Amino acid sequence: MIPKSFIQDLLNRLDIVDVIERYVPLKKAGGNYVACCPFHNEKSPSFTVSQAKQFYHCFGCGVHGTAISFVMEHLGLGFVEAVEDLAQSVGMDVPQEQRAGESFHKIAPDLYEVMQTATRYYREQLKLSVRAIDYLKGRGLSGEIAAKFAIGYAPEGWQNLSAAFPDYRADTLNETGLVISGEADKRYDRFRDRIMFPIINVRAQVIGFGGRVLDKGEPKYLNSPETPLFEKGHELYGLFQAQKAIRAGQRVLVVEGYMDVVALAQHGVDYAVATLGTATTPYHIQKLLRLSDQIVFCFDGDKAGQKAAWRALENALPYLQDGKLISFLFLPAEHDPDSFIREFGKAVFERQVAEAMPLSGYLLREISSELDLKSQEGRNQLLHRARPLLSAIASPVTALLLRKEVAAVAGVSQAELEALFEIKPIAHAPRPSLKKATRTPFPVQRLLLQCLIAQPELGAQMPAGWHGEGADADAIGAVLSALREAGFAMSSPALMQMFEGTSYARALSQAEADMLAWGESFDVAAEFAGLISRLDDGQRREQFQALQGKSAQSGLSGLSAEEREQYLHLLKR
Ligand SMILES: [Zn+2]
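Residues numbered from 1 in each chain as written. Predicted model: local features only at pLDDT ≥ 70, side-chain atom pairs only at ≥ 80, totals over all residues.

(A) The overall build of the protein chain, seen in detail. From N to C terminus, the protein chain includes 24 helices and 16 strands. Taken along the three principal axes of its C-alpha coordinates, the protein chain extends 100 × 70 × 55 Å. Split into buried and exposed, the 573 residues of the protein chain put 35% on the buried side. (Helix = DSSP H or I, 4+ residues; strand = E, 2+ residues; numbered from the N terminus. Buried ≥ 20, exposed ≤ 12 C-beta atoms within 10 Å, placed from the backbone.)

(B) Looking closely at the nonpolar core. Core analysis: the biggest nonpolar cluster contains 90 residues, and Val261, Val273 and Phe297 have the highest contact counts within it. Contacts of phenylalanine 297, omitting those with residues within four sequence positions, involve Val254, Ala309, Ala312, Phe328 and Leu329. (Core = buried A, V, L, I, M, F, W, Y, C linked by C-beta atoms within 7 Å. Contact = placed C-beta atoms within 7 Å.)

(C) Region of the structure containing the environment of phenylalanine 79. Residue position: phenylalanine 79 is located in helix α4 (residues 79-89). Of the residues examined, phenylalanine 79 has 16 C-beta atoms within 10 Å and is grouped as partly exposed. Put simply, phenylalanine 79 and isoleucine 133 are 54 residues apart on the chain and 40 Å apart in space, counted from C-alpha to C-alpha.

(D) Broad picture of the sheet that holds strand β10 (residues 206-213). Spatially, β6-β9-β10-β11 is the arrangement adopted by the four strands of the open sheet, whose pairing is antiparallel. On the outer flanks of this sheet lie β6 (152-154) and β11 (221-223), each paired with one strand and no other. Taking the axes of each pair of neighbouring strands and ignoring which way they run, one obtains an average angle of 35° across the sheet. Where β6 meets strand β9 (residues 194-200), three bridges bridge the pair, whose relative direction is antiparallel. Opposite glycine 152, over in β9, you have methionine 196 as the bridge partner. (Pairing = 2+ DSSP bridges. Axes fitted to C-alpha atoms, helices over the stretch in contact; angles between N-to-C directions.)

(E) Local environment of the domain arrangement of the protein chain. Parsing the protein chain into structural domains produces domain 1 (4-89), domain 2 (109-230), domain 3 (234-364), domain 4 (370-421), domain 5 (434-522) and domain 6 (531-572). The straight-line distance from the C-alpha centre of domain 1 to that of domain 4 is 41 Å. (Domains from an automatic or database assignment.)

(F) Spotlight on the packing of helix α15 (residues 376-391) against helix α16 (residues 396-410). At a closest axis distance of 10 Å, the pairing of α15 and α16 adopts a crossing angle of 170°. Relative to α16, the element α15 is oriented roughly antiparallel. In this structure, α15 uses Arg379, Leu382, Leu383, Ala386 and Leu390 to contact α16, whose residues at the interface are Ala399, Leu402, Arg403, Val406, Val409 and Ala410. Tallied by class, residues from the contact of α15 with α16 come to nine nonpolar, no polar and two charged. (Parallel < 35°, antiparallel > 145°, perpendicular 65-115°, else oblique. Nonpolar A, V, L, I, M, F, W, Y, C, P; charged D, E, K, R; others polar.)

(G) Examining the sheet that holds strand β16 (residues 357-358) more closely. In space, the five strands of this open sheet follow the order β13-β12-β14-β15-β16, with mixed pairing throughout. Of all the strands in the sheet, just β13 (272-274) and β16 have a single pairing partner and so form its edges. Of the strand pairs in this sheet, strand β12 (residues 251-255) and β13 are connected by three bridges, and their pairing is parallel. For leucine 253, the partnering residue across the bridge sits in β13 and is alanine 272. Against the sheet, helix α12 (residues 303-316) contacts β14 (294-299) and β15 (325-330), and its axis sits at roughly 155° relative to β14.

Put into structure tokens, the structure is as follows:
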């Protein structure tokens with residue numbers, strides 16, 4: 001647990017312009033800085049950085065956040081890692097505070113060193129093993145590719161790592177998952193007689209291993225367990241090596257195994273990554289959509305591959321974005337990408353990639369499979385299967401197209417389908433524009449929220465009992481209670497950082513993005529004072545109307561003495 005006060009100090013110390021400039025060249029434009037957005041593909045710059053307010057916002061794709069969020073998004077790091085990275089850049093030490101009953105893992109730098117040492121050891125062992133070298137050669141891999149992926153070999157035997165680690169009983173070997181502690185405190189190497197594929201994060205650190213048997217043997221693939229360094233659902237094998245090619249070509253190929261990634265790279269297809277013994281998670285999909293415009297899932301032709309593909313589709317639906325393309329490549333049942341590219345070569349394989357089935361086609365094919373669409377029953381069944389899938393889609397254009405297609409196949413009109421599914425019709429697909437997204441029926445609340453973001457200390461002046469309705473009002477309520485807890489001493493970036501990833505983040509970032517339009521002469525405190533007095537007026541009017549209603553019903557005598565006094569007082573105003 002990193003103390004909140006440290007996050008605030010860190011954000012105070014950093015300048016977001018310096019942080020972003022390390023990765024993206026910025027140009028001064030008026031009071032702000034701009035660049036072509038690193039998170040989506042564009043020709044003219046809509047990525048804006050406010051030095052005065054210390055946040056970034058993209059008017060094209062909507063990314064938004066603080067210096068910490070930028071490093072998380074851009075490097076694909078977790079929060080703690082991003083904070084550590086930034087703290088180091090300004091020479092601050094990240095303190096750890098342990099709450100009672102809460103266990104925490106500080107990722108000690110020596111865990112990374114342990115993994116580095118193990119990688120070196122396995123690579124040396126590869127050079128010494130004719131059998132392992134022959135195996136890789138037999139799979140058509142060159143020494144160059146083996147070096148690029150730092151491939152190694154874990155020899156046969158139970159405690160080989162003791163040659164690389166003088167203290168074979170060290171906790172770090174256990175924590176990194178390199179050894180297994182058995183009964184009676186006996187230890188042995190996890191990986192034995194396996195080709196070793198280091199799993200490397202985007203900061204070039206080895207965080208885990210995948211080991212593959214050379215001949216027959218079970219399991220065929222063995223991964224490092226989850227450790228403080230390695231979270232399977234978040235990592236993709238080969239992303240470190242492929243990220244440049246993925247950004248450049250704006251497409252990424254997702255395959256099932258490390259051998260596929262390496263074999264594809266050997267044949268010049270250098271934009272492939274693999275999941276690590278897990279299904280494709282929503283986290284993977286979001287990460288890849290940030291890097292590129294197109295994801296092609298290429299799973300094995302067998303049953304398991306088909307199942308994996310469908311899981312990927314289901315997990316992708318909520319994250320579909322207009323302008324991004326997700327498609328599926330199904331190889332012949334007897335092939336995986338490794339065997340396919342070895343047999344047919346790069347050109348044939350890439351033609352397959354180019355002709356991959358778009359997500360919508362795959363979805364339609366699957367939900368209509370084994371149905372007799374000529375019968376009423378079959379068409380009902382189709383609608384039944386389509387409903388949960390269609391309602392999971394957030395992207396307007398994709399949703400519209402799919403509804404049209406499903407309606408056509410089911411023999412109903414689009415309007416009928418929408419009525420049936422109780423979904424809001426989409427008259428035309430709106431381009432996601434900031435203006436539309438931020439339009440709000442309560443401009444007063446939006447401005448109030450903006451004032452609180454700009455100068456959190458103003459929260460102390462909010463009238464007690466304030467209430468409102470809608471997303472902005474909810475956000476104001478949440479912000480106020482956070483500020484109260486902090487004694488109204490919180491900086492604006494720290495406040496925004498605190499709400500990142502919460503249900504209020506959307507309202508907050510939209511409100512903050514609109515603040516880019518504020519001129520330099522915009523007086524936040526004066527604006528806020530004006531709003532407060534309008535709120536007071538509104539409240540008085542409400543009160544007055546309530547009392548007036550009561551007295552109209554039962555006369556002034558129906559009011560208590562206190563109410564009567566209040567009524568007369570309000571009447572005078
Ligand atoms: Zn963008």
